[in-house]
Amino acid sequence: MGALAFCVAELGQRGIESLQPVHTDKVLGFRPVAGPETDEAGFRNHLVLTKAEIVTIGDSFTYGKSAPIDDTWPSVLARLTKVPVYNMAVQGYSPPQYFALLHDAKLLQPKILIAGFNVGNDLLETQQVVYGNEFWGEFRAKQQSVTENKIASTSHESAGALSTVKRVLLAHSRAFAHLGEVSRSLRDFLKNPTQKRKKELLVEINEVGVETTLQPDRPTPSMDLSRTEVKEGWRLAQIFIKKIKAETENTNTYFVLLLIPTTEDIYIEYYRETGKKMPDALLPYATLSQHTWEEIRQFCKEEQILCITPLSDLARDLEVGHRVYLNGDEHATARGYQIVGESVY
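Computed from a prediction, not measured in an experiment: that's the story for all the values here. (Residues numbered from 1 in each chain as written. Predicted model: local features only at pLDDT ≥ 70, side-chain atom pairs only at ≥ 80, totals over all residues. Heavy atoms only, no water.)

Caption draft 1: Seen up close, the overall build of the protein chain. The helix and strand tally for the protein chain stands at 15 helices and nine strands. Of the accessible surface of the protein chain, which amounts to about 16900 Å², a share of 55% is contributed by carbon and sulfur atoms. (Helix = DSSP H or I, 4+ residues; strand = E, 2+ residues; numbered from the N terminus. Areas by Shrake-Rupley, 256 points an atom, 1.4 Å probe, with all protein chains shown as cover.)

Caption draft 2: Structural view of the nonpolar core. Core analysis: the biggest nonpolar cluster contains 69 residues, and W73, M88, F117 and L257 have the highest contact counts within it. A per-element tally of this core places helix α13 (residues 283–303) first, with seven residues. Excluding its chain neighbours within four sequence positions, the residues that come into contact with M88 are F43, V55, T56, I57, L101, D104, A105 and L108. Membership of the second largest hydrophobic core comes to eight residues, among which are V129, W136, A141 and F240. (Core = buried A, V, L, I, M, F, W, Y, C linked by side-chain atoms within 4.5 Å. Buried < 20%, exposed > 50% of the residue type's maximum accessible area, 1.4 Å probe, protein only. Contact = heavy atoms within 4.5 Å.)

Caption draft 3: Seen up close, helix α12 (residues 263–274). In this model, α12 (12 residues) spans 17 Å end to end at C-alpha, consistent with the 16 Å of a helix rising 1.5 Å per residue. Most of α12 is tucked away, with nine of its 12 residues classed as buried. Listed in full, the buried residues belonging to α12 are T263, E264, D265, I266, Y267, I268, E269, Y270 and Y271. Of the residues trailing α12, G275 is marked for its positive phi of about 80°. (Expected span 1.5 Å × (residues − 1).)

Caption draft 4: Main features of the sheet that holds strand β9 (residues 306–308). On the basis of which strands lie adjacent, the open sheet formed by five strands has the order β4-β3-β5-β8-β9 and parallel pairing. A single partner strand is all that each edge strand has here, and the edge strands are β4 (85–87) and β9. Taking the axes of each pair of neighbouring strands and ignoring which way they run, one obtains an average angle of 25° across the sheet. When strand β5 (residues 112–118) meets strand β8 (residues 254–260), the two strands line up parallel, connected through seven bridges. Bridge pairing in β8 links A115 to L257. (Pairing = 2+ DSSP bridges. Axes fitted to C-alpha atoms, helices over the stretch in contact; angles between N-to-C directions.)

Caption draft 5: Spatial organisation of the side chain of K245. Residue placement: K245 occurs in helix α11 (residues 228–250). Within the local environment of K245, its side chain forms a polar contact with the side chain of E249, the two groups lying 2.6 Å apart. Setting aside its immediate chain neighbours within four residues, K245 contacts F255, E303, Q304 and I305. (Polar contact = N/O pair within 3.5 Å; in protein donor to acceptor, adjacent residues only side chain to side chain.)

Caption draft 6: Geometry of the pattern of salt bridges. In this structure the tally under the stated criterion is 14 salt bridges. Between R140 and E134 there is a salt bridge whose closest N-O contact spans 3.6 Å. Accessibility expressed as a relative area gives 9% for R140, which makes it buried. Its salt-bridge partner being R316, residue D313 comes within 2.6 Å of it at the nearest N-O pair. Linking D313 with R316, this pair stays in helix α14 (residues 311–319), spanning three residues, or about one helical turn. (Salt bridge = Lys/Arg side-chain N within 4 Å of Asp/Glu carboxyl O.)

Caption draft 7: A look at the pairing of strand β3 (residues 54–57). Of the two faces of β3, the one holding I54 and T56 and the one holding V55 and I57 are both buried throughout. Two strands pair when backbone bridges link them, and β3 and β4 are joined in this way by three bridges, in the parallel orientation. Considered in β4, the bridge of T56 is made with N87. With four bridges connecting them, β3 and β5 associate as parallel partners. Counterpart to I54 in the pairing with β5 is I112.

Below, the structure written as structure tokens:
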């Protein structure tokens, strides 16, 4: 695809949504800089603060992708609490980068630090960051069985550069994400041309007409703990989360882990709460997701970390006919971000 064609596709996919400006960074991979939707420090706030009662870190969901700055869940939380909330989330980040940002976050002397943990992609992305950036090499597994599964690369620096570019584009570009889905489908077809492509599942919730195309096979590879890469990502994520907790305890900052569900998780919760029959196509994902959530909750319990989730609140809002996530996307609508902010509050 030529550059002009890609730009046209990008504009068609995203409309007026703008990119978050970034530059390369040895530790973070890429660091945000000032732009139309970010403050002078590159974070998504109207102004840079020197002190904040609450600091939020996370990925594109906490950043508030697809919503105006005043509709992000950290902005909602600020209005509800009536205290300064500083949002340090960056699109494409995961737990290693959350930990790396902690030094800057502590300068604001927050009483509460909230990390948005995206259950749908943070496990795999943690592995990709650590194995794609030589800076994090000390955290890589030493077992031969892990490296044999191609988690480690013979050229970490080149792999890291490519991984960084890919994560930036995936986080910021709808056209690139769509291109990735198309190329993935083509690769699957070439591997097994006789296999029929799975149909997307269209679920109509009620007479209000909230229709959403669920794609349970999309988050599955990033959440399946039986996969070597995901299992390793979860091991690494636990390390960084525990490091964040230890650092915040040293500064008397209360640490909260916000577990962000996938679209499919919300619909599964909806079916469970209403007692309605869940579509058979969702059952395999429901089983896998339940196992992953149980692992994360058990970790929170063992480490005495306050883990909260807006899952039930989002499902209940869905029940009354509100669209809480964008159709075909893992980001919330303004209404969804409102529910998340209220749930955290």
